[in-house]
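Geometric and topological summary
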Amino acid sequence: MQIEIDEISKEFGTTAALFPVSLSLPSGALVALLGPSGSGKTTLLRILGGLEFPTSGRVLFDGSDATALTVQERRAGFVFQSYALFRHMTVFENIAYGLRARPRATRPPEAEISRRVNKLLDLIQLPQIGARYPTQLSGGQRQRVALARALAIEPRMLLLDEPFGALDAKVRKELRQGLRDIHDTTGLTTVFVTHDQDEAMELADLVVVMSMGRIEQIGRPQDIRARPATAFVRDFISA
Amino acid sequence: MSDIPLAYVPKAFKPVATEVPWVRWLLITLVFLVLAVLLFAPLITVFYEALREGVGAALTSLTDKESLSAIRLTLLVAVFAVPLNAIFGIAAAWFITKYSFRGKAILITLIDIPFSVSPVVAGLCIVLTFGANSWVGSWLVAHGMPVVFAVPGIVMASMFVTFPFVARELIPVMIEQGKAEEEAALTLGATGWRVFFTVTLPNIRWALLYGVLLCNARAMGEFGAVAVVSGKIRGLTATMPITIEMLYNEYSSVAAFSLAAVLALLALVTLVLKTLLEWRFADQLAAQHRH
């Protein structure tokens, strides 16, 4: 799905988190929102997911206005920073949650839910952990379960907030490839937030560098590296 | 350098955070002593005094019309006050922890008012607001719904006194848990109510249970506020604590202590219930806290 961000701004009280920003994300792209904390990248991601509403501007999905769509109507697969797995449910129930939450008319039967959950567990390469609770998983396993849970609703896009932030360096490297593979298999437009320029440059097709609520540069990793648009970008990517 | 021994062997390994044995024993003894004097001795006395003239006498005094009416009234008050306070407490805690708004600190302070205001003052406020001399009260009386010196006033007074328990238990838990899980459920397509019942409620159930048990114990035991609003009408508006006091003042000590024993037993049952639930769900509790 193609995503168009048209002059979106966001204020919290009197402080501006985002100045009007515009951005066009091609369908099927793997996009990184890169910037230091306070740059507005997470706010922008939450606006895409419908968890936050912009003060002004529009969001367009495949050309049609999605600004007023509720979080449920967006159908965005959202992976939270600390994964936000339901701690009182097993991994299986976590992944099945979105299917069970559907209105009765479109809710798949139990056998179908089970089939889909198991297929997702295979996709994240953790076929044996359905009966476990989130607290019994490692950080990397939790991240992959969160990803499977987000994919279970057959989302129109995948949004990830610092998906590798809570992991140690080694696991982080492995899971980068994991995200790339899942993106390539599903073909979903994927946006992830990161403050790690290595991660953004290595993983994304398109990198959006942000600072202080503004977009500094949009481009392919190699272009940004070769021709940083501003002094901020040059400093940030060489750090 | 050379005269430092290569392998220094300490005389005894001692954990840093442990007191010498006699201090430890002193502290333990002190705790038991205080518990015995303040908790066990009075409790045993209540049962001893109740049964002084035999089980038969105690039971006879309990099946007395007044005592039965007091027990019924106390249970009735709890049946109304506890669920209502549970709902209000959840709503208040939800509002305070999930939204940011102006005046939040004031609201949190307001919730604590019943803890700082004397119950007698609270009772008086209800009498002044809803009593026959106020315009609200006279309207209510004229329409056959008296509040003061009647059951609604007693329920109100009990609710006022026990209001903070549920909210106070829930607020820290809900703050600690944040709203990420609720947001995740929303992005997965769940409606607000579904999120509440499948994510919020299971996450706060233990805090809620503690709050409700405390609220219940206090609602059944409340004396001061109820004494003012109830008018202490025998067999009509006298709850268990009120009846106990009246019986005691009339030197009916077996009756007074029997009723007191029943009240204490109700509290003990709540405590046992809580312990049983904790024991039954120990695995889940542990799983939730391990992070």
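Residues numbered from 1 in each chain as written. Chains lettered and ligands numbered in written order. Predicted model: local features only at pLDDT ≥ 70, side-chain atom pairs only at ≥ 80, totals over all residues.

1. Thoughts on the overall build of chain B
For chain B, the helix and strand inventory stands at 13 helices and 0 strands. In sequence order, the secondary structure elements of chain B are arranged as α-α-α-α-α-α-α-α-α-α-α-α-α. The C-alpha atoms of chain B give 25 Å as radius of gyration, which overshoots the globular expectation for 291 residues (19 Å, by more than 25%). A principal-axis box enclosing the C-alpha atoms of chain B has dimensions of 100 × 60 × 35 Å. Looking at chain B residue by residue over its 291 residues, the buried ones come to 33%. (Helix = DSSP H or I, 4+ residues; strand = E, 2+ residues; numbered from the N terminus. Rg over C-alpha atoms; globule rule 2.2 N^0.38 Å. Buried ≥ 20, exposed ≤ 12 C-beta atoms within 10 Å, placed from the backbone.)

2. Let's talk about the overall build of chain A
Broken down by element type, chain A carries 9 helices and 10 strands. Taken over C-alpha atoms, the radius of gyration comes to 18 Å for chain A, in line with the 18 Å a tight globule of 239 residues would show. The dimensions of chain A, computed from C-alpha atoms along their principal axes, are 55 × 40 × 30 Å. Split into buried and exposed, the 239 residues of chain A put 44% on the buried side. The long-range fraction of contacts in chain A, counting pairs at least 24 apart against all pairs at least 6 apart in sequence, stands at 67%. (Contact = placed C-beta atoms within 7 Å.)

3. Notes on the sheet that holds strand 6 (residues 76-79) of chain A
Residues and elements named next belong to chain A. On the basis of which strands lie adjacent, the open sheet formed by 6 strands has the order 6-7-8-3-9-10 and mixed pairing. Whereas interior strands pair on both sides, the edge strands pair on one side only; in this sheet they are strand 6 and strand 10 (214-219). Going across the sheet, the axis of each strand differs from the next one's by a mean of 15°, ignoring polarity. (Pairing = 2+ DSSP bridges. Axes fitted to C-alpha atoms, helices over the stretch in contact; angles between N-to-C directions.)

4. Structural notes on the interface of chain B and chain A
Opposite the 18 residues of chain B that make contact, chain A presents 19 residues. Breaking the side of chain B that touches chain A down by element, the ones donating at least two residues are helix 8 (180-187), helix 9 (192-221) and helix 13 (282-289) of chain B. Looking at the side of chain B that touches chain A, the element that brings in the most residues is helix 8 of chain B, giving 7 residues. For the side of chain B that touches chain A, the class distribution of residues is 9 nonpolar, 5 polar and 4 charged. (Nonpolar A, V, L, I, M, F, W, Y, C, P; charged D, E, K, R; others polar.)

5. Remarks on the pairing of strand 3 (residues 30-34) of chain A
Along a regular strand, successive side chains alternate from one face of the sheet to the other. Residue and element names in this part refer to chain A. Counting buried residues in strand 3 gives 4 out of 5 residues, a clear majority hidden from the surface. Sheet topology places strand 3 next to strand 8 (residues 189-194); 5 bridges connect them, and they run parallel. Bridge pairing in strand 8 places Leu34 opposite Thr194. Where strand 3 meets strand 9 (residues 206-211), 4 bridges bridge the pair, whose relative direction is parallel. If you follow Ala32 over to strand 9, its bridge partner there is Val207.

6. Points about the sheet that holds strand 5 (residues 64-65) of chain A
Residues and elements named next belong to chain A. If you trace the 4 strands from one edge of the open sheet to the other, you get 2-1-4-5, paired in antiparallel fashion. The sheet is open, and its two borders are formed by strand 2 (15-25) and strand 5, each paired with just one other strand. Where strand 1 (residues 3-12) lies against strand 4 (residues 56-61), 5 bridges are found, and the strand directions are antiparallel. Paired with Asp6 across the bridge in strand 4 is Arg58. In the packing of helix 1 (residues 41-49) onto the sheet, contacts are made with strand 1, strand 2 and strand 4, and the angle to strand 1 comes to roughly 115°.

7. A word on unusual backbone geometry
Even without glycine at this site, Glu7(A) takes up a positive phi of about 50°. Relative to the elements of secondary structure, Glu7(A) occurs in strand 1. Phi at Lys232(B) takes a positive value of approximately 50°, unusual for a residue other than glycine. Following the sequence through the fold, Lys232(B) ends up in the loop between helix 10 (224-230) and helix 11 (240-249). The exposure class of Lys232(B) is partly exposed, given the 17 C-beta atoms found within 10 Å.

8. Some points on the nonpolar core
One finds Ala32(A) and Val208(A) to be the most contacted residues of the largest nonpolar core, which totals 73 residues. Tallying contributions element by element places helix 5 (residues 139-152) of chain A first for this core, with 7 residues. Dropping the residues within four chain positions of it, Ala32(A) is found in contact with Phe192(A), Thr194(A), Ala200(A), Leu203(A), Ala204(A), Val207(A) and Val208(A). Formed by 59 residues, the second largest nonpolar core is a distinct cluster that contains Val147(B), Phe163(B), Ala227(B) and Met240(B). (Core = buried A, V, L, I, M, F, W, Y, C linked by C-beta atoms within 7 Å.)

9. Topic: the confidence of the model for chain B
Residues and elements named next belong to chain B. In the predicted model, chain B carries a mean pLDDT of 87, and the fraction of residues at 70 or more is 91%. When pLDDT is averaged over each element of chain B, helix 8 comes out on top at 95 and helix 13 at the bottom at 60. Across the predicted assembly, pTM comes out at 0.81 and ipTM at 0.93. (pLDDT = per-residue confidence, 0-100.)

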